[in-house]
Protein chains: 2
Amino acid sequence: MNKDHPKYRAQYAVIFPNQRSPDDPDGYADTAARMVELVVQQPGCLGFDSARDAQGFGITVSYWDGLESIAGWRDNPEHMAAQVKGRDVWYDHYDLYITKIEHSHFFSRK
Amino acid sequence: MNKDHPKYRAQYAVIFPNQRSPDDPDGYADTAARMVELVVQQPGCLGFDSARDAQGFGITVSYWDGLESIAGWRDNPEHMAAQVKGRDVWYDHYDLYITKIEHSHFFSRK
């Protein structure tokens, strides 16, 4: 862990718990990789964390400098197309929480 | 997904991205199961989501009615003992974010 990573200066976090459907794994994987490329170029995006288990349940958290940057990512045209496909094909369900970080701390044993 | 689940009334979310060490998988699994039992009994805990990938990187998000309830869980004696073991043995690194939910939405295809 690098405590100088910009994500540790984030003011906001977007939490995205989601359940993948069994459908279109290749299309999903391609788009997910493209979204990773795009989001880190989005102004105000400070990083993200992501984990998915063997049952297809995943959580992605992205870290942001403010609400305007989060809205900018929501409205990115390529991301908007992915959101439509997500609702139509890739996700059985998801939740989305836009949150303000009030306290944080970090631990590294090494 | 059940939209009547109490977690959908949460005001706060605690985000816990973490990397498991390779050490003590049985002890970790026992304590993790016990923490799940305990946290859902903790006053003000409205639920949680959790995912861990094959590399041992996981994210847990717990949902709360307010900051006092979050502090109550932090100070639960059995949870405090688990936190010490986590830093000594189970986690290579973790981050902890206490966040206020500003906006949320939920999608279910089925």
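Criteria and thresholds
All chains use their own residue numbering, which begins from 1 and follows the written sequence. To read the labels, note that chains go from A and ligands from 1, taken in the order they are written. For a predicted model such as this one, the threshold for reporting local features is a pLDDT of at least 70, and the threshold for listing and counting side-chain atom pairs is 80 or more; totals across whole chains, interfaces and linings nevertheless cover every residue. As a rule here, side-chain values cover all heavy atoms of the structure and leave hydrogens and water aside. By the criteria applied, helices consist of DSSP H or I runs no shorter than four residues and strands consist of E runs no shorter than two, each listed in order from the N terminus. Radius of gyration means the value over C-alpha atoms here, while the globule rule gives 2.2 Å times the residue count to the 0.38 power. In this scheme, a residue with accessible area under 20% of its type's maximum is buried, one over 50% is exposed, and one in between is partly exposed, where area comes from a 1.4 Å probe on protein chains only. We call two residues in contact when some of their heavy atoms are within 4.5 Å. The positive count covers Lys and Arg only, the negative count covers Asp and Glu only, and His and the chain ends enter neither. For this purpose, a charge sits on NZ of Lys, CZ of Arg, CG of Asp or CD of Glu. Multiply 1.5 Å by the residue count of a helix minus one, and that product is the helix's expected span. Directions are taken from the helix axis to each C-beta atom, and the arc is the one they span.

Caption draft 1: Highlighting the overall build of chain A. When you go through chain A residue by residue, the secondary structure sums to three helices and four strands. Relative to the 2.2 N^0.38 estimate, which gives 13 Å for 110 residues, the radius of gyration of chain A is 15 Å and therefore close to what a compact globule would have. Over its C-alpha atoms, taken along the principal directions, chain A stretches across nearly 40 × 30 × 20 Å. Relative to its 110 residues, chain A shows a buried fraction of 47%. Sequence separation of 24 or more characterises 75% of the internal contacts of chain A that already satisfy a separation of 6 or more. Of the charged side chains in chain A, 12 are positive and 16 negative; the average position of the first set lies 8 Å away from that of the second.

Caption draft 2: Highlighting helix α1 (residues 25-39) of chain A. Residue and element names in this part refer to chain A. The end-to-end C-alpha distance of α1 is 21 Å, a good match for the 21 Å that 15 residues give at a rise of 1.5 Å each. Here α1 has its buried residues at Gly27, Tyr28, Met35, Leu38 and Val39. Projected down its long axis, α1 carries its buried residues within an arc of 95 degrees, all on one side. Opposite the buried face of α1, by more than 90 degrees, sit the exposed residues Asp26 and Asp30. Looking at the buried side of α1, the elements it contacts are β1 (12-20), β2 (45-52), β3 (57-64), α2 (67-74), α3 (77-90) and β4 (91-108).

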